[in-house]
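Structural features, examined
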Amino acid sequence: MSPQLPTEFAATRDALHQIAFFVLGRLRYEAVGRMGLRPWPGGFGTPEFEGRVARVEGDLLVHEEAGNIATRTITTVREAAEFFGLDYQVVWFEVFHDPPQPVDPDHPLHVNVESAHVLGRWFVFGFDVLERLRSHAGPDDAATEPQLWPEHFDAAIEMGSGIEGRRASYGASPGDRDHPMPYLYASAWGDIDRSDPYWNDKSFNGASSTYEELVETSDPAGKAMEFLLAGFRTLGGNG
């Protein structure tokens, strides 16, 4: 993990969120009915589907198909959609809870290469710690596989018994309107005891741990696991 984020990280994150949601998530969903993305070197993209991979690497769009690789520098959301064979659409799935606000699809997107690579490494870090967290789940916890969700642009899993009121989402976000920097979170599906200092985030029903808290330690992954496991155990998990 980078000890200090590039100055253009937030702007790049927001620009690439537009690509993730309006282009890559939709591309996969229209092909196979699933929209989850994955970290890729230098950024993020789809897993392989129908012999294709669509991804972002730095400031490039990359389309791999049948052994061929095509690239194009990111310009606008509309041109990104057209590069992958889509027409730009604001609404492509009706039941999103909180989709990102669309920008003008013809407005130039500024993507800083260093920031895109830092973003990709953050998502790799998130997937790694979430996989470790899943290993603590019991058979009734129904832990899901990590996904990079294009709607909220975060890596996340769900874990814990819903019947017993212990289910929560655990994830790694690169930041949002309420959190200017990347953070880890535990978001409970049911009621939480706000008198417990663990539940420290006022912007959602849960707890967060900041990027600064992670990078100030010599073992960010260990610190991340400590935080996430504390949430699971506070909700009554046995991991």
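Everything here concerns the structure above.
Residues numbered from 1 in each chain as written. Predicted model: local features only at pLDDT ≥ 70, side-chain atom pairs only at ≥ 80, totals over all residues. Heavy atoms only, no water.

Looking at the packing of aromatic side chains
All told, the structure shown has 18 aromatic pairs when counted by the stated rule. When the ring of W92 is compared with that of F93, the centres are 6.3 Å apart and the planes differ by 45°; the resulting orientation is tilted. Here F93 falls in the partly exposed class, since its relative accessible area comes to 25%. Here a set of aromatic residues connected by ring pairs shows up, and it is made of F21, F22, Y29, Y88, W92, F93 and F96. Directly above the aromatic system of W189 lies the positively charged group of R167, at a separation of 5.4 Å from the ring centroid. (Phe/Tyr/Trp six-rings, centres within 6.5 Å; stacked < 30°, edge-to-face > 60°. Buried < 20%, exposed > 50% of the residue type's maximum accessible area, 1.4 Å probe, protein only. Lys NZ or Arg CZ within 6 Å of the ring centre and 35° of its normal.)

Digging into the sheet that holds strand 2 (residues 43-45)
Reading across from one edge, 1-2-3-4-5 is the order of the 5 strands in this open sheet, with antiparallel pairing throughout. At either end of the open sheet lies a strand with only one pairing partner, and these are strand 1 (38-40) and strand 5 (68-73). Strand-to-strand twist of the sheet, defined as the mean angle between neighbouring strand axes without regard to direction, takes the value 25°. One ladder, built from 6 bridges, connects strand 4 (residues 60-65) with strand 5; its direction is antiparallel. Residue pairing for strand 5: E65 is matched across the bridge by N68. Across the sheet, helix 1 (residues 9-32) touches strand 1, strand 2, strand 3 (52-57) and strand 4, and the angle it forms with strand 3 is around 180°. Running over the sheet, helix 3 (residues 113-134) touches strand 1 and strand 2 and is turned about 130° from strand 1. (Pairing = 2+ DSSP bridges. Helix = DSSP H or I, 4+ residues; strand = E, 2+ residues; numbered from the N terminus. Axes fitted to C-alpha atoms, helices over the stretch in contact; angles between N-to-C directions. Contact = heavy atoms within 4.5 Å.)

Examining the layout of surface pockets
For the largest pocket, the calculated volume is near 1,000 Å³. Along its surface, the largest pocket is lined by 32 residues, and D98, E151, H152, D154 and D176 are the ones closest to its centre. Elements that contribute at least two residues to the lining of the largest pocket include exactly helix 1, strand 8 (168-173) and strand 9 (183-188). Tallying contributions element by element places helix 1 first for the lining of the largest pocket, with 4 residues. Space inside the second largest pocket adds up to approximately 160 Å³. Lining the second largest pocket are P197, Y198, N200, A207, S208, S209, E213, K223, E226, F227 and A230. Contributions of two or more residues to the lining of the second largest pocket are made by strand 10 (206-210) and helix 5 (220-234). For the lining of the second largest pocket, the leading source of residues is helix 5, giving 4 residues. Of the residues that constitute the lining of the second largest pocket, the class distribution is 5 nonpolar, 3 polar and 3 charged. (1 Å grid on protein atoms, 1.4 Å probe; cavity = no way out; pocket = protein on both sides within 12 Å on 5 of 7 lines; lining within 4 Å. Points joined across faces, edges and corners; volume = space filled by probe spheres on them. Nonpolar A, V, L, I, M, F, W, Y, C, P; charged D, E, K, R; others polar.)

Some words on the side chain of N112
Within the secondary structure, N112 sits in the loop between helix 2 (77-83) and helix 3. By relative accessible area, which is 16% here, N112 ends up buried. A distance of 3.3 Å separates the side chain of N112 from the backbone nitrogen of E114, its partner in a polar contact. With residues up to four places along the chain from it excluded, the contact list for N112 reads P6, E8 and T12. (Polar contact = N/O pair within 3.5 Å; in protein donor to acceptor, adjacent residues only side chain to side chain.)

Let's talk about unusual backbone geometry
One non-glycine residue, A142, lies in positive phi territory at about 45°. Despite not being glycine, F153 shows a phi value in the positive range, around 60°. Looking at the element boundaries, F153 is found in the loop between strand 6 (147-149) and strand 7 (154-159).

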